[in-house]
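So you can see what is in the structure, the chains are spelled out below.
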Amino acid sequence: MQVTIDSKSGFCAGVTSAIRRAESELQQTGQLYCLGDIVHNGQEVKRLEQLGLETIDYDDLRTIHHARVLLRAHGEPPSTYWIARQNSNTIIDGTCPVVKRLQERIADCYNAHKHDTPQPQIVIFGKRGHAEVIGLQGQTNDTAIILEHPEEAQQLDYTRPIYLFSQTTKSVEELNRLAERIRSQIINHKSQIALEVHDTICRSVANRVEQLKTFVREQDIVLFVGGTKSSNAAVLFGHCKEANPNTIFLTGADDLTDELLQACRNADKVGICGATSTPLWLMEQVRDKLNGN
Ligand code: SF4
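Residues numbered from 1 in each chain as written. Predicted model: local features only at pLDDT ≥ 70, side-chain atom pairs only at ≥ 80, totals over all residues. Heavy atoms only, no water.

**Side note on the overall build of the protein chain**
So, point 1. Along the protein chain, the regular secondary structure elements total 11 helices and 12 strands.
So, point 2. In terms of overall dimensions, the protein chain has C-alpha extents of about 65 × 50 × 25 Å along its principal axes.
So, point 3. In the protein chain, of all internal contacts separated by at least 6 residues, the share reaching a separation of at least 24 is 70%.
So, point 4. Roughly 14,100 Å² of accessible area belongs to the protein chain as shown, and the carbon and sulfur atoms make up 47% of that amount.
So, point 5. Where the 31 positive side-chain charges of the protein chain centre and where its 37 negative ones centre are 3 Å apart. (Helix = DSSP H or I, 4+ residues; strand = E, 2+ residues; numbered from the N terminus. Contact = heavy atoms within 4.5 Å. Areas by Shrake-Rupley, 256 points an atom, 1.4 Å probe, with all protein chains shown as cover. Lys, Arg positive; Asp, Glu negative; His and termini not counted. Charge placed at Lys NZ, Arg CZ, Asp CG, Glu CD.)

Structural data, given as structure tokens:
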């Protein structure tokens, strides 16, 4: 049995940087609040909590004072900064620079067009309720319309201009499908409205799909390691399963049953891969257990 960890799997630059900030703060002070899970991986959160990180929610943020609060890579709406400042909390801003830039582009678009007639529609292609999307919508005073699927294009008003942006982790094909549907609806409505499509998908995620597919096709069995709360893990696992049906989802080495261990040991090539929220150490633990260490 040859066991290979996919060299492209693991934390993206944005998550790595937020975790480094947390570790460096914790080294100095031993205590830090983080608004929401720093990463959608329960085991990495647990590791950081053991170093002193405390995960809080929005209700907690309203009650704590004079504390240091880390904002994770997903970013936050302007209201979060305002609430933190009201309570004299210090923000450690771990927002990924790619997300920050997207927030600025949406805010610029909103401010440039908010007084236009007819009133424009800023559309965000993303998952409703996802932290990044909440942060993006906040740039528009919560007026942006969220569309989760290209099929929802018909919900838009085809008498008003459309400015389309995307959550960084959506798929490029899906965004293109949505843009196409909007264009068709504009034609169907015989409308003359402006449509601006901003491809704001993070390439570190978009490119990962093809890299992962290539990797999993070369394996007899694939162990995909990810957190159950991670939407990126769910999407990437789906792609892997499609490219290699012998792909199994694990949250960590403890999920390796005797039966699965035996199946892997009977295979020639076992590949281990994961999402942008999967720490390398978790994939290494799976590899070590497979190798009997
Ligand atoms: S996926 Fe891209 S945009 Fe999102 S945190 Fe990672 S590097 Fe940043």
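**Here we look at the sheet that holds strand S1 (residues 2-5)**
So, point 1. Pairing is parallel across the open sheet formed by four strands, whose spatial order is S1-S12-S10-S11. Bordering the open sheet on either side are S1 and strand S11 (247-250), each of which pairs with just one other strand. Averaged over all neighbouring strand pairs, the angle between strand axes comes to 20 degrees, with direction disregarded.
So, point 2. Alignment of strand S10 (residues 221-225) against strand S12 (residues 269-274), held across five bridges, turns out to be parallel. Bridge pairing links Val225 to Gly274 in S12.
So, point 3. Contacts from helix H8 (residues 203-217) reach S1, S10 and S12 within the one sheet, and its direction differs from that of S12 by about 160 degrees.
So, point 4. Strands in contact with helix H10 (residues 258-265) are S10, S11 and S12; relative to S10, the strand with the most contacts, it is inclined by about 135 degrees. (Pairing = 2+ DSSP bridges. Axes fitted to C-alpha atoms, helices over the stretch in contact; angles between N-to-C directions.)

**Details of the side chain of Thr276**
So, point 1. If you trace the backbone, Thr276 turns up in the loop between S12 and helix H11 (280-290).
So, point 2. There is a polar contact of 2.7 Å between the side chain of Thr276 and the side chain of Asn232. (Polar contact = N/O pair within 3.5 Å; in protein donor to acceptor, adjacent residues only side chain to side chain.)

**Remarks on the site of the ligand**
So, point 1. Around the ligand, the structure places Cys12, Gly14, Cys96, Val98, Val99, Thr168, Cys202, Ser204 and Val205.
So, point 2. Placement of the ligand is best described as lying within the largest pocket.
So, point 3. Considered class by class, the residues forming the shell around the ligand number six nonpolar, three polar and no charged. (Near = heavy atom within 4 Å. 1 Å grid on protein atoms, 1.4 Å probe; cavity = no way out; pocket = protein on both sides within 12 Å on 5 of 7 lines; lining within 4 Å. Sits in = over half its atoms within 2 Å of the grid points. Nonpolar A, V, L, I, M, F, W, Y, C, P; charged D, E, K, R; others polar.)

**Observations regarding the domain arrangement of the protein chain**
So, point 1. Looking at the protein chain, the domain boundaries give domain 1 (2-9 + 203-290), domain 2 (13-97) and domain 3 (98-197).
So, point 2. If you average the C-alpha positions of domain 2 and of domain 3, the two centres end up 29 Å apart.
So, point 3. Between domain 2 and domain 3, the contact holds 13 residues from the first and 12 residues from the second.
So, point 4. Around 890 Å² of area is buried between domain 2 and domain 3 when both sides are counted, 56% of it from carbon and sulfur atoms. (Domains from an automatic or database assignment. Buried area = accessible area lost by both parts, 1.4 Å probe.)

**Here's the deal with the pattern of salt bridges**
So, point 1. On inspection of all chains with the given rule, the structure shows 16 salt bridges.
So, point 2. In this structure, Glu23 and Arg47 form a salt bridge, with 2.7 Å as the shortest nitrogen-oxygen distance. Residue Glu23 is located in helix H1 (residues 13-29), and its partner Arg47 is located in helix H2 (residues 42-50); the two are separated by 24 residues in the primary sequence.
So, point 3. Residue Arg47 is classed as partly exposed on the basis of its relative accessible area, which comes to 27%. (Salt bridge = Lys/Arg side-chain N within 4 Å of Asp/Glu carboxyl O. Buried < 20%, exposed > 50% of the residue type's maximum accessible area, 1.4 Å probe, protein only.)

**Points about the packing of H8 against helix H9 (residues 231-243)**
So, point 1. Running from N to C, H8 and H9 point in directions that differ by 35 degrees, and their axes come no closer than 9 Å. Crossing angle aside, the handedness with which H8 passes H9 is right-handed. In contact with Val205, Arg208, Val209, Leu212, Lys213, Val216 and Arg217 of H8, H9 contributes Asn232, Leu236, His239, Cys240, Glu242 and Ala243.
So, point 2. Here the contact of H8 with H9 is composed, by residue class, of seven nonpolar, two polar and four charged. (Left-handed = near helix turned anticlockwise from the far one by under 90°.)

**So, the layout of surface pockets**
So, point 1. For the largest pocket, the calculated volume is near 360 Å³.
So, point 2. Taken together, 25 residues line the largest pocket, and the ones lying closest to its centre are Cys12, Val15, His74, Thr169 and Thr276.
So, point 3. Residue assignment for the lining of the largest pocket shows that the elements contributing at least two residues are H1, helix H5 (97-113), H8 and H9.
So, point 4. If one sorts the elements of the lining of the largest pocket by residue count, H1 sits on top with three residues.
So, point 5. Residue composition of the lining of the largest pocket, by class: 11 nonpolar, 12 polar and two charged.
So, point 6. In this structure, the second largest pocket spans a volume of roughly 290 Å³.
So, point 7. In terms of lining, the second largest pocket is formed by Lys127, Glu148, His149, Gln167, Thr169, Lys170, Ser171, Glu174, Ser231, Asn232 and Val235.
So, point 8. Of the residues in the lining of the second largest pocket, the class split is one nonpolar, six polar and four charged.
So, point 9. Two domains each donate at least three residues to the lining of the second largest pocket, and these are domain 1 (2-9 + 203-290) and domain 3 (98-197). (Points joined across faces, edges and corners; volume = space filled by probe spheres on them.)

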